[in-house]
Amino acid sequence: MMVGAKKPGIGGELLLGQKTVPQNSLFPKGEGSDAPSWVAFDRQVLCFDAYFQEAVTQSREETNRIRKCKIYFYLEDDTIQVVEPELKNSGIPQGTLIRRHRIPLPAPSDDQFYNLHHFNINQDVVFYSRTFRITDCDTFTRHFLRKIGVRINPPAAAPEDPYTKLRQELEDSMKPLRPYERQDTLKQFLEHDRDVLRFYCYWDDTQSMFGDPRELILHYFLADDTIEIREVVYPNSGRDAAPKFLNRSKLPKQAPSPKRQPGEITERTILNVFGPMGLGGRYILDNLKTGAVQEEFYKDCDLTIGGVINVWGRKVMICDCDNFTKEYYRSKYGIEDFTPVQYKAPPPAKAAKQMPPYTGFGSEEDSLCSCQGLLPKPPQKDFRKLMEKDRHGLESNILRFVGKMLTDNTIDKDRTFIISFYLSDDTITMFEPTQRNSGVIGGKFLERSRVKKPGQELFKSEMSEYYKAQDLYVGAKIIISNQPFQLVDADDYAFNYMEQHAEEFPRANIGTILSKLRSISEDKQKEIKRFLAQSDPGNTGLIPYESFRSLLADTGCQLSEHEIMMLGRTYSLREQPELNVGFMLAVAQDHLRKKHFESFSAMLRAFTHEDRDRTGHLSTKEARIICKAFRLPLADDLLRALLQKFENESGNMDYNAFLSGINWRENPSLPLLPDEALKPFCLALPKPTLEGHTMVEYSAFMKELSRYTEEE
């Protein structure tokens, strides 16, 4: 393409007499920003009004046609788009005449493209052999052209299209000289579309043959003031469920209305007629409508609770309405009284269903389900309770107690039973540990099942009562299989669970226990103080648990053994025992061995890299971060305790000794016993067991008791 007179010289340099062809519009240098055009002129378009003349050869009504259009000039890339607005019933394709692209100039300058300087008002532009006359532009285009120094010509009017003028004259001649009266209901429709008032109605049809009371629902549509009525048909009522009692329409107040002659009711009232009849006749209309027949329809203001409306000769009483209807009348009419009308007698009380007594076959729940329907269904379990109170990890949700037989037999007195209560389904199991030389074979004593409370009749219609979690506590007496047992102790999980759910277990609620003790007389309080002074001559504030127990048992407040133990656990002196480092290292090595962790050399290099001074010590925080980075499979409590054991006075730990202690490959520790290996390591020690040598802080107990008594 670079041949002839426009071919540049060597290296693309212009020869003598050659000029550069601009690719885009040129603007004065030094004005505006240095940003590229596609950024500086983004979304900026010049709009020109133009028209072009098109010849019409196959029509008698017109010889040419004036077509108006819009010319859009995009400043970012000098592209042009021509769009013709669509006219109704034009019969010609309109819309985008020329799609957006760069349009070349007419020949012989067709190697160049249109730019900004080719456009002005009262100027012709030629796009692909079609001449467009620019008549005007918008405000933005006018300001933009003036800023860049273009002198804008005055606007001109586009010539009128003769065929368009002829069509407009025909349309105007078709319009009546006296238009019909227009009833504008669009505003009401837009404001109240889908707004429906609902009323509950009652129609007493008992006067007619085979008639009975009917319940109806009236819908009033605010969009067009129409009414629809539906009938409430109950199952097994003997009536066909018709879709509607009254179709949606305007409901006249005077119904049934008298029949009118044809032409008696019209939309327009003719006052007089003169001239020939039919075509060419003249009419005089009555604008005041003095002779028009007025017909009243029900409006929203006519519908009130307690009112009676005429539904084509049927007296229907409005008894109630819904909440939306109440709010509508409250806001528009200020009505506040919406007392419903009682139109029917209240339903009779439902007779209690008498269940037959239990037959003894199967469970009571299964027998009851067989009496509730023709198709027996299995009894429903409390699935939510089962999911919430089932075992989750280390949370067993099982309360274990130690029980003793209440009997005169000397052999059975020494037998010990483990009673387990499952919170998920309120079942109980009993297990007897094996004792040497006792003469009794241990093992399972009671299969897991629910246990009935004693003193209940077997064959009865009511459901039996079973033991619940609140019935089991230390000191409680229960009867299982006609054998009385007494609960003498419980495991630590049972005590902790009852303390955490004190609102469910009143015997573990400290507030409830202290409220029982506030009824102690003054003489008894003085006796208690003398007893405490004798038991604690050194005034240390501590007494043994056995003395504390005997003191509470003699108060006469009828405290159970469980409540006394809860007080002892709450105010006992807690001492954290010293943890054995060897045992901790053995537990850690056992965990690492099971997880096949052997990255000890890599951990040593990481510790050495962080130890800039090569002292062999690092802070506990940095050491813990390195252990977490290597994903050391140890519990957080165990890892924290091990790091503390290897700390010195300055708070830094010896990482060499730490890695040597947990390295089960090079420095294996003594193997753990099977019972110790199965125990999870946890630093959160349980509350101390209440034994004879356990000390109770009675001073805190007396202070709390006095404070609680003052609050009461």
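Residues numbered from 1 in each chain as written. Predicted model: local features only at pLDDT ≥ 70, side-chain atom pairs only at ≥ 80, totals over all residues. Heavy atoms only, no water.

Under an unreviewed UniProt entry, the name given to the protein is EF-hand domain-containing family member C2, and the source organism is Pygocentrus nattereri. What UniProt states about the protein under its Subcellular location (unreviewed entry) heading is, verbatim, "Cytoplasm, Cytoskeleton, Cilium axoneme". In its Function (unreviewed entry) section, the UniProt record describing the protein reads: "Microtubule inner protein (MIP) part of the dynein-decorated doublet microtubules (DMTs) in cilia axoneme, which is required for motile cilia beating." (UniProt positions renumbered as here; feature names shortened; annotations may be inferred.)

**Thoughts on the sheet that holds strand β13 (residues 308–311)**
Strands sit in the order β10-β9-β8-β7-β14-β13 across an open sheet of six strands; the sheet is antiparallel. Edge positions in the open sheet fall to β10 (246–249) and β13, since each of these has one partner strand only. Averaged over all adjacent pairs, the angle separating strand axes in this sheet is 35 degrees, with direction ignored. Inspection of the sheet shows strand β7 (residues 196–204) paired to strand β14 (residues 314–321) by five bridges, in the antiparallel sense. Residue tyrosine 200 lies in a different strand from β14, and its bridge partner there is aspartate 320. On top of the sheet, helix α5 (residues 323–332) reaches β7 and β14; it is set at about 110 degrees to β7, its chief contact. (Pairing = 2+ DSSP bridges. Helix = DSSP H or I, 4+ residues; strand = E, 2+ residues; numbered from the N terminus. Axes fitted to C-alpha atoms, helices over the stretch in contact; angles between N-to-C directions. Contact = heavy atoms within 4.5 Å.)

**Brief notes about unusual backbone geometry**
Negative phi is the rule for most residues except glycine; trans is the rule for most peptide bonds. Of the consecutive residues alanine 107 and proline 108, the connecting peptide bond is found in the cis state with omega at 10 degrees. In this fold, proline 108 is placed in the loop between β4 (95–101) and β5 (123–127). Cis geometry is found at the peptide bond from alanine 255 to proline 256, where omega equals 0 degrees. The topology assignment puts proline 256 in the loop between β10 and β11 (270–274). In this model, asparagine 482 sits at a positive phi of 60 degrees, which is unusual for a non-glycine residue. Assignment of secondary structure puts asparagine 482 in the loop between β19 (477–480) and β20 (483–490). For asparagine 482, a relative accessible area of 75% corresponds to the exposed category. (Buried < 20%, exposed > 50% of the residue type's maximum accessible area, 1.4 Å probe, protein only.)

**Quick word on the pattern of salt bridges**
In this structure the tally under the stated criterion is 40 salt bridges. Among the salt bridges present, the one from glutamate 296 reaches lysine 253, with a minimum N-O distance of 4.0 Å. On the criterion of sequence distance, the pair formed by glutamate 296 in the loop between β12 (282–285) and β13 and lysine 253 in the loop between β10 and β11 is long-range, its members being 43 residues apart. Look at glutamate 296 and you get exposed, because its relative accessible area is 55%. (Salt bridge = Lys/Arg side-chain N within 4 Å of Asp/Glu carboxyl O.)

**A closer look at the pairing of β5**
Examined bridge by bridge, β5 and strand β6 (residues 130–137) share five bridges and lie antiparallel to one another. Across the sheet, valine 125 pairs through a bridge with phenylalanine 132, a residue of β6. What sits between the antiparallel neighbours β5 and β6 is a turn of two residues, in which tyrosine 128 has the positive phi angle 55 degrees.

**Details of the nonpolar core**
Ranked by size, the top nonpolar core spans 50 residues in total, and within it Leu399, Ile478, Leu517, Leu552, Leu567 and Phe701 carry the most contacts. The residues touching leucine 399, leaving out its near neighbours within four places in the chain, are Ile419, Ser420, Phe421, Leu423, Ala469, Tyr493, Ala494, Tyr497, Met498 and Phe505. (Core = buried A, V, L, I, M, F, W, Y, C linked by side-chain atoms within 4.5 Å.)

**Some points on the packing of helix α15 (residues 600–610) against helix α16 (residues 620–629)**
Close contact between α15 and α16 brings their axes to 11 Å; oriented N to C, the two are set at 145 degrees. Here α15 and α16 pass one another in a crossing that is right-handed. Across from Met603, Ala606, Phe607 and Glu610 in α15, the residues of α16 making contact are Ala623, Ile626 and Cys627. Here the residues of the contact of α15 with α16 sort into six nonpolar, no polar and one charged. (Left-handed = near helix turned anticlockwise from the far one by under 90°. Nonpolar A, V, L, I, M, F, W, Y, C, P; charged D, E, K, R; others polar.)

**Remarks on helix α14 (residues 581–594)**
With 14 residues, α14 extends 20 Å from end C-alpha to end C-alpha; this agrees with the ideal 20 Å at 1.5 Å per step. Three or more residues of α14 are buried, namely Met584, Leu585, Ala586, Val587, Ala588, Gln589, Asp590 and Leu592. At the C-terminal side of α14, histidine 596 shows a positive phi close to 55 degrees. (Expected span 1.5 Å × (residues − 1).)

**Notes on the environment of tyrosine 698**
Turning to its location among the elements, tyrosine 698 is positioned in helix α20 (residues 698–711). Overall, tyrosine 698 belongs to the buried group, its relative accessible area being 10%. For the pair tyrosine 698 and threonine 540, spaced 158 residues apart in the sequence, the C-alpha separation amounts to 9.6 Å. In this structure, tyrosine 698 is in contact with Leu532, Asp536, Asn539, Gly541, Leu542 and Ile543, ignoring residues within four places of it in sequence.

**Concerning the sheet that holds β20**
Within the open sheet, the six strands sit side by side as β18-β17-β16-β15-β20-β19. Their pairing is antiparallel. If you trace the sheet from one side to the other, it starts and ends with β18 (443–449) and β19, each paired once. Between one strand axis and the next, the sheet turns through 30 degrees on average, direction left out of account. With five bridges connecting them, strand β15 (residues 398–405) and β20 associate as antiparallel partners. Bridge assignment links glycine 403 to a residue of β20, and that residue is leucine 487.

**Some words on a nonpolar patch on the surface**
Nonpolar side chains collect at one region of the surface, where Leu186, Phe189 and Leu190 lie side by side and expose about 320 Å² of accessible area between them. The topology assignment puts leucine 186 in helix α4 (residues 186–192). (Patch = residues over 30% accessible without salt bridge, like charges linked within 9 Å, V, L, I, M, F, W, Y side chains within 5 Å. Areas by Shrake-Rupley, 256 points an atom, 1.4 Å probe, with all protein chains shown as cover.)

**Regarding the confidence of the model for the protein**
Parts of the prediction with low pLDDT should not have their coordinates interpreted in detail. Residue-level pLDDT values for the protein average 84, and 88% of them are 70 or greater. Within the protein, the element-level pLDDT minimum falls on helix α19 (residues 674–678), averaging 52, and the maximum on strand β9 (residues 226–231), averaging 96. (pLDDT = per-residue confidence, 0-100.)

**A few points about helix α9 (residues 492–500)**
All buried positions along α9 are accounted for by Ala494, Phe495, Tyr497 and Met498. Summarising the axial view, the buried residues of α9 lie within an arc of 165 degrees, below the 170-degree limit, and thus occupy one face. Among the structural elements, β15, β20 and α13 (561–570) are those in contact with the buried residues of α9. (Arc of directions from axis to C-beta.)

**Some thoughts on the packing of aromatic side chains**
What characterises a pair of aromatic rings is the spacing of the ring centres plus the angle enclosed by the ring planes. Overall, the coordinates contain 22 aromatic pairs when judged by the stated rule. With a centroid separation of 5.4 Å and 40 degrees between ring planes, the pair formed by phenylalanine 127 and phenylalanine 132 is classed as tilted. One aromatic cluster in this structure is built from Phe48, Phe52, Phe73, Tyr114, Phe119, Phe127 and Phe132. One Lys or Arg, arginine 100, reaches over the ring of tyrosine 74 and ends 3.7 Å from the middle of that ring. Lysine 250 extends its terminal NZ or CZ atom over the ring of phenylalanine 297, reaching a point 5.9 Å from the ring centre. (Phe/Tyr/Trp six-rings, centres within 6.5 Å; stacked < 30°, edge-to-face > 60°. Lys NZ or Arg CZ within 6 Å of the ring centre and 35° of its normal.)

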